[in-house]
Amino acid sequence: MSDAAEPLLRATRLVKEFNVHGGGLLGRTAKLRAVDDVSLEVRAGETLALVGESGSGKSTTARLVARLVDLTSGDIEFAGRPVHALTGKALHAYRSEVQMVFQDPYSSLNPKHSVERIVTAPLVYQKRPVPGGARAFTKALMERVGLNPDHSARFPAQFSGGQAQRIGIARALAVAPKLIIADEAVSALDVSVQAQVINLLRRLQDEEGFSYLFIAHDLAVVRQIATRVAVMSEGRIVETGDRDQVFEEPRDPYTRKLLAAVPRIRPEWDAARRRNEAARLERERQEADR
Ligand SMILES: Nc1ncnc2c1ncn2[C@@H]1O[C@H](COP(=O)(O)OP(=O)(O)O)[C@@H](O)[C@H]1O
Ligand SMILES: [Mg+2]
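Residues numbered from 1 in each chain as written. Chains lettered and ligands numbered in written order. Predicted model: local features only at pLDDT ≥ 70, side-chain atom pairs only at ≥ 80, totals over all residues. Heavy atoms only, no water.

What surrounds ligand 1 is the set F18, L32, A34, E53, S54, G55, S56, G57, K58, S59 and T60. Between ligand 1 and the protein, one listed contact pairs an oxygen atom with a backbone N or O atom of G57 at 3.0 Å. Note that an oxygen atom of ligand 1 is positioned 2.8 Å from one of the side-chain N or O atoms of K58. Contact with the protein chains removes 60% of the 560 Å² of surface that ligand 1 exposes when unbound. Counting residues per element, the ones that place at least two in the shell around ligand 1 are β2 (29-42) and α1 (58-65). A per-element tally of the shell around ligand 1 places α1 first, with three residues. Of the residues that constitute the shell around ligand 1, the class distribution is three nonpolar, six polar and two charged. (Near = heavy atom within 4 Å. Polar contact = N/O pair within 3.5 Å; in protein donor to acceptor, adjacent residues only side chain to side chain. Areas by Shrake-Rupley, 256 points an atom, 1.4 Å probe, with all protein chains shown as cover. Helix = DSSP H or I, 4+ residues; strand = E, 2+ residues; numbered from the N terminus. Nonpolar A, V, L, I, M, F, W, Y, C, P; charged D, E, K, R; others polar.)

The structure is reproduced here in structure tokens:
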């Protein structure tokens, strides 16, 4: 068994630069640091939420961790093994341990494929046998994510947005991953559907014990699911902490700004944060007076 203190995922000093074309007559290329010295850990069975405004580098961080894009520099360790240099078969094996669920289920699920084909594809692709056969396997997975198993021959367009997202979740579960990266996975859903899918994600985690790297810009959503929170701004992580600490006693000015801008946040969280904010200002005033 691995050491309990050993995180499932440890990303150290990740950097990703993109070449961006400046335009103009000279057509000069500039480098954009989408991810700038990011370190984070995800522990076994927990949910690390990565929050921040659009363009702050959350998705790029996710894609680096999933090895969907190459690092400019940095190290990634998964279950104690380095994965930043994996290639070939070993990279494929890693990619089944780390699954992604994306924001838009309709564009991330092949519209021409049935649910059965979609959820068994990761296994077929890896030439792994489908336990119990494709039909029974699909039906069992559909039940686990709250879909009608009689609909296994249907296509993504025949499902609502929330149901389609459940297909994406079923596809991720098919290979029994240790980490699921949910990149704005509930962001496009209505609030009531969002709550149902969040409950599903939590229940599945309780049952299976896998971890989430849960990416969202909506802090009200994050509050419902996170164990810990990392706040990202302009390619950097500005604050990491336990959920309640980050929500109620944010240390970084950017985190405070982000929290102040949330309209849907529950009043009681707001009250706790305002009390702490008032206490902090009072402490600072007293220190300044000394
Ligand atoms: N493939 C790419 N080529 C060039 N720039 C990119 C690419 N992917 C992302 N970026 C840029 O990197 C920055 C971070 O983007 P992203 O990781 O998508 O942020 P977020 O998910 O937080 O909205 C943005 O400025 C974005 O335009
Ligand atoms: Mg994104």
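The next thing to look at is the packing of aromatic side chains. Tallied over the entire structure, the rule returns two aromatic pairs. Geometrically, the ring pair formed by F78 and Y94 is edge-to-face, given 5.3 Å between the ring centres and 80° between the ring planes. In this pair, F78 is assigned in strand β4 (residues 73-78) and Y94 in helix α2 (residues 88-97), connecting sequence segments 16 residues apart. The residues F78 and Y94 share a single accessibility class, namely buried. Seen from their ring centres, F210 and Y212 are 5.1 Å apart, and the 80° between their planes marks the pair as edge-to-face. (Phe/Tyr/Trp six-rings, centres within 6.5 Å; stacked < 30°, edge-to-face > 60°. Buried < 20%, exposed > 50% of the residue type's maximum accessible area, 1.4 Å probe, protein only.)

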